[in-house]
Amino acid sequence: MKAIRRFTVRPVLPEPLGPLSELARNLRWSWHTETRELFQTVDPEGWQAVGGDPVRLLGNVSATRMAELAKDRRFLRRVAAAADDLDDYLHGRRWYQANSGHGGPDAPEFPTAIAYFSPEFGVTAALPQYSGGLGILAGDHLKAASDLGVPLIGVGLLYRHGYFRQSLSRDGWQQEHYPVLDPNELPVSLLREADGAPARVSLALPGGRSLHAHIWVAQVGRVPLLMLDSDVEENGPGARDVTDRLYGGGSEHRLLQEMLLGIGGVRAVRAYCRLTGRPAPEVFHTNEGHAGFLGLERIRELAEPPEHGGSGLGFDAALEAVRAGTVFTTHTPVPAGIDRFDRELVARHFAEGAELPGVPVDKVLQLGMESYPGGEPGLFNMAVMGLRLAQRANGVSKLHGAVSRSMFSGLWPGFDAAEVPITSVTNGVHAPTWVAPEVFRLGARQIGTGRAEDALSVGGSKRWDSVANISDADIWELRRSLREQLVHEVRDRLRASWRQRGAGAAELGWIDGVLDPGVLTIGFARRVPSYKRLTLMLRDRERLTELLLHPTQPIQIVVAGKAHPADDGGKRLVRELVRFADDPRVRHRIVFLPDYGMAMAKKLYPGCDVWLNNPLRPLEACGTSGMKAALNGALNLSVLDGWWDEWYEPDFGWAIPTADGASTDEDRRDELEAAALYSLIEDRVAPRFYDRGTGGLPDRWIEMVRRTLTTLGPKVLAGRMVREYVERLYAPAAQAHRSLDATSAQELAAWKARVRGAWRQVAVGHVEAVDQDAAAGSATAGLGSTLTLRVQAALGELQPEDVEVQVVAGRVDSDDAIRDAQSFPLKPASGPDMEGRWVYEGPLALDRTGPFGYTVRILPAHRLIPAGADLGLVAVPTETTGEDAGVLMR
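Rules and cut-offs
- Residues numbered from 1 in each chain as written.
- Predicted model: local features only at pLDDT ≥ 70, side-chain atom pairs only at ≥ 80, totals over all residues.
- Heavy atoms only, no water.
- Salt bridge = Lys/Arg side-chain N within 4 Å of Asp/Glu carboxyl O.
- Helix = DSSP H or I, 4+ residues; strand = E, 2+ residues; numbered from the N terminus.
- Buried < 20%, exposed > 50% of the residue type's maximum accessible area, 1.4 Å probe, protein only.
- Phe/Tyr/Trp six-rings, centres within 6.5 Å; stacked < 30°, edge-to-face > 60°.
- Lys NZ or Arg CZ within 6 Å of the ring centre and 35° of its normal.
- Polar contact = N/O pair within 3.5 Å; in protein donor to acceptor, adjacent residues only side chain to side chain.
- Contact = heavy atoms within 4.5 Å.

A. Fine view of the pattern of salt bridges. Throughout the structure, instances matching the rule amount to 61 salt bridges. For Arg706, the salt bridge identified is with Asp472, shortest N-O distance 2.9 Å. Of this pair, Arg706 sits in helix α28 (residues 699-712) while Asp472 sits in helix α21 (residues 472-500); the two residues are 234 residues apart in sequence, bridging distant segments of the chain. Judged by relative accessible area, Asp472 falls into the partly exposed class, the value being 27%. Arg539 is the salt-bridge partner of Asp667, the closest N and O atoms lying 2.7 Å from each other. Placement of the pair is Asp667 in helix α27 (residues 666-690) and Arg539 in the loop between β15 (520-525) and α22 (541-548), with a sequence separation of 128 residues. You can call Asp667 partly exposed: its relative accessible area is 47%. Looking at Arg539, the relative accessible area reads 35%, which means it is partly exposed. The network of salt bridges with common partners includes Arg267, Glu297, Arg300, Glu304 and Glu355.

B. How the structure looks around the packing of aromatic side chains. Throughout the structure, instances matching the rule amount to 22 aromatic pairs. Relative to Phe284, the ring of Phe117 has its centre 6.1 Å away and its plane inclined at 40°; by these criteria the two rings are tilted. Taken together, the residues Phe117 in strand β1 (residues 114-117) and Phe284 in strand β9 (residues 283-287) connect sequence positions 167 residues apart. You'll find Phe117 and Phe284 in the same group, each marked buried. Taken together, the ring pairs in this structure connect Trp476, Trp654, Phe689, Tyr690 and Trp701 into an aromatic cluster. Above the ring of Phe164, the side-chain terminus of Lys562 is found at 4.9 Å from the ring centroid. Above the ring of Trp434, the side-chain terminus of Lys628 is found at 4.7 Å from the ring centroid.

C. Broad picture of helix α18 (residues 437-447). Along α18, the residues classified as buried are Val439, Phe440, Leu442, Ala444 and Ile447. Trailing α18 by a residue or two, Gly448 shows a phi angle of about 100°, which is positive.

D. View of the side chain of His331. By secondary structure assignment, the location of His331 is in the loop between β10 (326-329) and β11 (340-342). Within the structure, the side chain of His331 is placed 2.5 Å from the side chain of Asn287, a separation counted as a polar contact. Discounting residues that sit within four places of it in the chain, His331 has contacts with Leu134, Leu137, Asn287, Glu288, Val396, His400, Asn427 and Ala621.

E. Seen up close, unusual backbone geometry. Following Arg617, the chain continues to Pro618 via a peptide bond in cis, the omega torsion being 5°. Along the chain, Pro618 falls in the loop between β18 (610-613) and α25 (625-631). In this structure, Glu288 takes a positive phi of about 75° despite not being glycine. For Glu288, a relative accessible area of 8% corresponds to the buried category. Phi at Asp820 is positive, roughly 50°, even though this residue is not glycine. The topology assignment puts Asp820 in strand β24 (residues 818-830). Here Asp820 falls in the exposed class, since its relative accessible area comes to 65%.

Below, the structure written as structure tokens:
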């Protein structure tokens, strides 16, 4: 019989146990071992049954058990200690407070607050609001910010069905299930007005309709995460479903999700700050383009006249003010990974009478226009809008930064890709979340619990260096124990999967022999888009079988991953892998585990000896799964892509060679790279694992584990990543935000309009270079000599203070392209003449040998723009410019 109404009955805790409620509602428990162990003590069996979720646990524990605990003095002391520790964590002085404004006389003070927007957040399995790496990265960002004391406010959506739960059919086809999530059973609370009514944000939709949303708050340590929920009674059926599923629905559904995230998210932040007294954010960080509409809402706040609640700046000045305090992070290295909407759909939602009536729809469309060669004018590009709305942008690894600069270079015509203003901050992972308790305890025995906690959250290579003092025997016993735990976990999950696939208990006796705690174990787990190449390992099935069944040096492989529900190609890859793993010849050596998520990952990373990653280079923006494995002592076996391209060393892993020359023939490339993978495993990885020294231990393998921890450990931390964001992006953005008051924003907007209008008259004229030591007409010059450059520059209606005339010099290749270029400013020497031309002069030192060249260019210049490329305008010599322009010195 089905219930006609559903509601949640909250437990009433005895007064002495009251602190348990706050401990359960603050998600710090998800990475704080002592708090988790405290809840486990409440009911060990129940803790396992609810998947380690303290909110659900407290709802299931009997009143009798609670009464017993309320009289247990030892337990009450543990509760009090945990509550005191949480209070100290929430209110104590941390890295951010100790370092703001202390980076030197020119270092800006840190922002009073930062708003961090993301479409998904992977904080804990108990709050399933993530699909893959983007969400896990966002969750780790919040947790690391909390550990460092960064005043971050997270903003996302609350999806009533999450992403999806994955199971397999009997023949191995992926099946999706969408369990309903009741917010009242999640570790979240509803944001309420002073009178107790739920706080609400609203968006206007075409046709006089509205989209309303409540705001749920998850407390991630010190960081609040605001999640908007459209499943409220005031909405019609279509509007209620806007936040039904993560990455679900058609184009209009996705557009509404992104409007609610961006526009509604800003309004949620305003409501939260108003109700809690928290400082308003000075910096807004857009994690991928999905939240890009937040910039439009902030423009509306500033552009609308005061009688409508705005500041009356006007669109152009408001745009400059918004850009100054905005950071945009791109995560995709391929155009196909970017959200793009039909321009007419966007126009309908931003036209007069719809959302943001004070923001002209033509201005909105211009922000997302693909106005570059190869772009599609009929589409609205969310990443393009994100870049145009942010003064600072970054990729998520050094290689991805370079790929992004090339991919988006069309937005800065006339500039080399290397000068495109997109930097990089390499991702990191939150070590307290991903390091197994056994690994932490081994480190704590060496340097103490407090120092070990600091090493995981803040970093510091000296503390990681202490791993060098841990004995080989202890390291190897740790690795053996973790591998054994993984074997038992895999068997339990595999048995449950086969029961879901319809197998009876009598068919599953073979599962007791799946995997061997003494065999080299390789892990591979991630989403299943084609570029990650889930099935590359199956390229030569006989050779893989030989590796799995090798008589003296066998391997075993644990695989997991979800394909997007609409991606039948990805589902076919899953089925192909599953069918191979079902083969009785090898099923004890290779397994596919369905429903990959955070709970599984926490068992998988520590238990694997090797972490495999074989994407098509350079399509892996970062790939943080290998970082999590490394923090637990696993060695990486990966294509040189993402973070591995940046930090790979032979001391702690292996690089799979890539067949870049065969890139146009994907089939041939896969064949070559699969063969290289097999050879690496057979010739180098497996022999290193099974090679025993005089003490019976794999000495060289253990040394690689030690090097992984001491060298990679401090680098791959989310704490390091967040510190870089603060120092390199947030603090400069806050300084720029403070510099652009209403007057300055209007000044900058007017200056940009004037420069853009006059730029067609700007040109580089005749260029002369004089070297006193060189013979007339010589194409050589001596090292250490100096050229004196004289350049005629036509500025039209502009003045010298509006521009910078530069010489750009460096080595040249066979096509006369300047490599490793450096730029030097020239100074006005005279002018203007009768034709409005100015003469600029300056020295150019010849400080390197070999082919050398230079050119001259003119860029806009203003004290309030961060770089000359900011406007995307540049004037360079034409073919008719003076004969010495761009001269080569060989």
